[in-house]
Amino acid sequence: MEPILTKEEIAELLAAIKAGKVPVDLTDRDSPRHQRLLQATEIDLFRTYERAKTTGEKRIPNLDIVLDNFARRFSTSLTNTLQRNFTVDREEIATTNFQQSLLDLKSQGAVGIYAMSPLKHGCLFHFDTLMAFTLLEIMLGSSQTSESLALDRNLTTIEMAILKTCMQDICEDLQAAMRPVIELQTSLTKVENNFRLVNIVEPDIEVLVTHFHVRLSGEQCGQMRLIIPYLTLEPLREKFKELVTISQATTNSWTRSIIQEALEMESQVTARSGQLNMTIRRILSLQPGDIIDLPYNPDQPLTIVVEDKPLFLAIPGERNGKKAFHVTGRHGSRLGGVHGNA
């Protein structure tokens, strides 16, 4: 264990460092005082921060599960709305500040501003130029053989109004994806192409930026980004941590529901005394008065068939003035008596 310096020794050491008597670099490793100093490793704080920017998934546990669910739902919404085969894949979740996240958009494409009640701050969804113009071409009636275009200009007011239809679908898909964590009321408040007018938090506030690749019939047709302040999701950290447990509980509840509903389903039960095979010619030649011999022994129990599958053995009889059968065993084994009316 390293010895602990007294106050006098610390003051003496600081004075010696200030006077230049004690080197502060690691060159004089053989000096007696150097042997008493704790060994340290240099660290680049700037690079450490840069590495942290690319690990946004660790800031909010299980956020990737929710966003993957959203990506699947939004791809289905695009496919149903535009009658084309769309696929949305989530990529990285990075962290940066709000101002930098807008600068990274390079003033291209369209931004939808969303409110997420009861959360304090909203979020942004950005369609890049290629995705925006691809959706516009499809919505305006382009053929399926047309290539995706990324025009070098800003979107017009009319074009943003047309894109609003696809951006509205995000509300319901985001609500459904977040439902295991919190019940949201999401609404699209504005569609903007002038990013200087976009402001949901202060410029230096930390945000999580999620990239989505959008493909049309397997071909790349643009990118979409979700920008959401960290302060919006931070109060939900514990609920996100419990997301796996919630998912398991939901799965188990569905299993129980299916089992309970299956037990209430009606099935056709037949008490079969005999079974035989006949040719079509023989069936067509049957006349009134014909007698057909059944391969059935009256001393043997009936076969109880459930949906064409033999399950039980039973003895025929009567009960309360009605024909009935008494179950004596399971087909191929023995079983306690169970009564049933025919």
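Structure first, text after, so check above.
Residues numbered from 1 in each chain as written. Predicted model: local features only at pLDDT ≥ 70, side-chain atom pairs only at ≥ 80, totals over all residues. Heavy atoms only, no water.

A. Structural context of the overall build of the protein chain. On a plain count of helices and strands, the protein chain comes out with 11 helices and 11 strands. Counting the 342 residues in the protein chain, one finds 35% classified as buried. (Helix = DSSP H or I, 4+ residues; strand = E, 2+ residues; numbered from the N terminus. Buried < 20%, exposed > 50% of the residue type's maximum accessible area, 1.4 Å probe, protein only.)

B. Inspection of the packing of helix α6 (residues 129-139) against helix α7 (residues 157-178) at higher detail. Following both chains from N to C, one finds α6 and α7 inclined at 85°, their axes separated by 10 Å at the closest point. By the angle class used here, α6 and α7 are roughly perpendicular. Across from A132, F133, L135, L136 and M139 in α6, the residues of α7 making contact are E159, I162, L163, T165 and C166. (Axes fitted to C-alpha atoms, helices over the stretch in contact; angles between N-to-C directions. Parallel < 35°, antiparallel > 145°, perpendicular 65-115°, else oblique. Contact = heavy atoms within 4.5 Å.)

C. The packing of helix α4 (residues 63-82) against α7, seen in detail. Closest axis-to-axis distance for the α4/α7 pair is 9 Å, and the angle between their directions is 145°. Seen from above, α4 lies across α7 with right-handed handedness. Contacts between α4 and α7 involve V66, N69, F70, R73, F74, S77, L78, T81 and L82 from the first element and C166, D169, I170, D173, L174, A176, A177 and M178 from the second. Of the residues that constitute the contact of α4 with α7, the class distribution is 11 nonpolar, 3 polar and 3 charged. (Left-handed = near helix turned anticlockwise from the far one by under 90°. Nonpolar A, V, L, I, M, F, W, Y, C, P; charged D, E, K, R; others polar.)

D. Summary view of the layout of surface pockets. Counted as a void, the largest pocket has a volume near 290 Å³. Considered class by class, the residues forming the lining of the largest pocket number 7 nonpolar, 6 polar and 2 charged. (1 Å grid on protein atoms, 1.4 Å probe; cavity = no way out; pocket = protein on both sides within 12 Å on 5 of 7 lines; lining within 4 Å. Points joined across faces, edges and corners; volume = space filled by probe spheres on them.)

E. The pattern of salt bridges, seen in detail. Scanning the model with the defined rule gives 5 salt bridges in all. A salt bridge links E183 to R179; the shortest N-O distance between them is 3.3 Å. A relative accessible area of 42% places R179 in the partly exposed class. (Salt bridge = Lys/Arg side-chain N within 4 Å of Asp/Glu carboxyl O.)

F. A look at the state of the cysteines. Tallying each qualifying case throughout the model produces 0 disulfides. Unpaired in this structure, C123 has its nearest cysteine sulfur neighbour in C171, at a distance of 8.6 Å. (Disulfide = S-S within 2.5 Å.)

G. Local environment of the sheet that holds strand β5 (residues 206-216). The 6 strands are arranged β1-β5-β6-β3-β2-β4 in an open sheet whose pairing can be described as antiparallel. Where the open sheet ends on each side, the last strands, each with one partner, are β1 (86-97) and β4 (185-192). With direction set aside, neighbouring strand axes in the sheet form an average angle of 20°. Bridge count between β1 and β5: 10 bridges; the pairing is antiparallel. Following the sheet pairing, I93 is matched in β5 by T210. Against the sheet, α4 contacts β1, β3 (123-127), β5 and β6 (219-229), and its axis sits at roughly 140° relative to β1. Strand contacts of α6: β1, β3, β5 and β6, with the helix running at about 120° to β6, the strand carrying the most contacts. (Pairing = 2+ DSSP bridges.)

H. Molecular detail of the packing of aromatic side chains. Applying the stated criterion across every chain, the model contains 4 aromatic pairs. Taken together, a centroid distance of 5.8 Å and an interplanar angle of 5° make the contact between F70 and F74 stacked. In this pair, F70 and F74 are both assigned in helix α4, 4 residues apart and thus about one turn of the helix distant. Given the relative accessible area of 1%, F70 is considered buried. Consider the rings of F70 and F212, whose centres lie 5.8 Å apart with planes at 70°: the pair is edge-to-face. Here F70 is found in helix α4, whereas its partner F212 is found in strand β5, with 142 residues between them in sequence. The class of F212 is buried, set by a relative accessible area of 0%. (Phe/Tyr/Trp six-rings, centres within 6.5 Å; stacked < 30°, edge-to-face > 60°.)

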